[in-house]
Amino acid sequence: MTSTGPLRDPLHRVSPKAVRLWLLEALIAFVLLIVGSALVGGWIGGSDWSWVPGWFAGRGWLLPVAVGVVTTPFLVAEPFVRYAVHRWELSGDVVYARSGFLTREWVFVPVSRIQTVDKAQGWMERMLGLATLEIRTASHAGSSTINGLDYLVAAGLAEQLAHRAEALRDDAT
């Protein structure tokens, strides 16, 4: 049976604390980008190279300012858009997840194909009480992840998926 209608949104949102995580990650990347562009701007702007435009020579500070002006809207908007888009659902015998910022990704993982389910925490996730659930299958696509889950939700979902996958494997033999 095939459906001709649009995909339904998965039922569950990720944790609201994920917005803080994504803001923190974006802020760290932003700072590194500004520092890197300041170093490059200072190096190129202070040089006597013939290919450097005259208006830029001696004004290396323009590069980090331009980088900051261009990237700030993404820094602010990206975590909130990600939160609005990132969803997951365990429906019947399928894990369904949607994610993305600039591009959208829909992932359907049949529970019967799951080989391992892991939960992981980076240091920032641990600080905020979040976790990432990684679902590995034998398919060529490899694994699927659900980021930004509350730690207890991730632990419960991992246990539930492991039990369902084991039960389905036992039924198939």
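Look up a bit, the structure's there.
Our subject in this report is the structure included herewith. (Residues numbered from 1 in each chain as written. Predicted model: local features only at pLDDT ≥ 70, side-chain atom pairs only at ≥ 80, totals over all residues. Heavy atoms only, no water.)

Scanning all chains against the criterion turns up one aromatic pair. Measuring from ring centre to ring centre gives 4.5 Å for Y96 and F108, while their planes differ by 5°; the resulting arrangement is stacked. Here the residue Y96 occupies a position in strand 3 (residues 94–99), and F108 occupies one in strand 4 (residues 105–110), the gap between them amounting to 12 residues. With relative accessibility at 7%, the residue Y96 sits in the buried group. (Phe/Tyr/Trp six-rings, centres within 6.5 Å; stacked < 30°, edge-to-face > 60°. Helix = DSSP H or I, 4+ residues; strand = E, 2+ residues; numbered from the N terminus. Buried < 20%, exposed > 50% of the residue type's maximum accessible area, 1.4 Å probe, protein only.)

With that settled, consider the sheet that holds strand 1 (residues 12–13). Within the open sheet, the four strands sit side by side as 1-2-3-4. Their pairing is antiparallel. The two strands at the open ends of the sheet, each matched to only one other strand, are strand 1 and strand 4. Here six bridges tie strand 3 to strand 4, and the two strands are oriented antiparallel to one another. What sits directly across from S99, in strand 4, is E105. Each of strand 1, strand 2 (87–91) and strand 3 is contacted by helix 2 (residues 62–85), which is oriented at about 155° to strand 3, the strand it contacts most. (Pairing = 2+ DSSP bridges. Contact = heavy atoms within 4.5 Å. Axes fitted to C-alpha atoms, helices over the stretch in contact; angles between N-to-C directions.)

Here we take up the sheet that holds strand 6 (residues 130–137). As summarised here, the arrangement of the three strands in space is 5-6-7, forming an open sheet in which the pairing is antiparallel. Bordering the open sheet on either side are strand 5 (114–120) and strand 7 (143–150), each of which pairs with just one other strand. The mean inter-strand angle of the sheet, taken between neighbouring strand axes irrespective of direction, is 15°. As defined by bridge partners, strand 5 adjoins strand 6 across six bridges and the pair is classed as antiparallel. If you follow D118 over to strand 6, its bridge partner there is E134.

Before going further, it helps to examine the environment of D150. The residue D150 is located in strand 7 in this model. With a relative accessible area of 23%, D150 lands in the partly exposed category. For the pair D150 and R126, spaced 24 residues apart in sequence, the C-alpha to C-alpha distance is 10.0 Å. D150 has contacts with S15, K17, G129 and L130, leaving out every residue within four places of it along the chain. Among the polar contacts made by the side chain of D150, one reaches the side chain of K17 at a distance of 3.2 Å. (Polar contact = N/O pair within 3.5 Å; in protein donor to acceptor, adjacent residues only side chain to side chain.)

We now examine the pairing of strand 2. Of all five residues making up strand 2, four are buried, and the element is well covered by its neighbours. Bridge count between strand 2 and strand 3: five bridges; the pairing is antiparallel. Within strand 3, the residue paired with E89 across the bridge is Y96.

It is worth stressing that arrangement in space is one thing and function is another; only the former is reported here.
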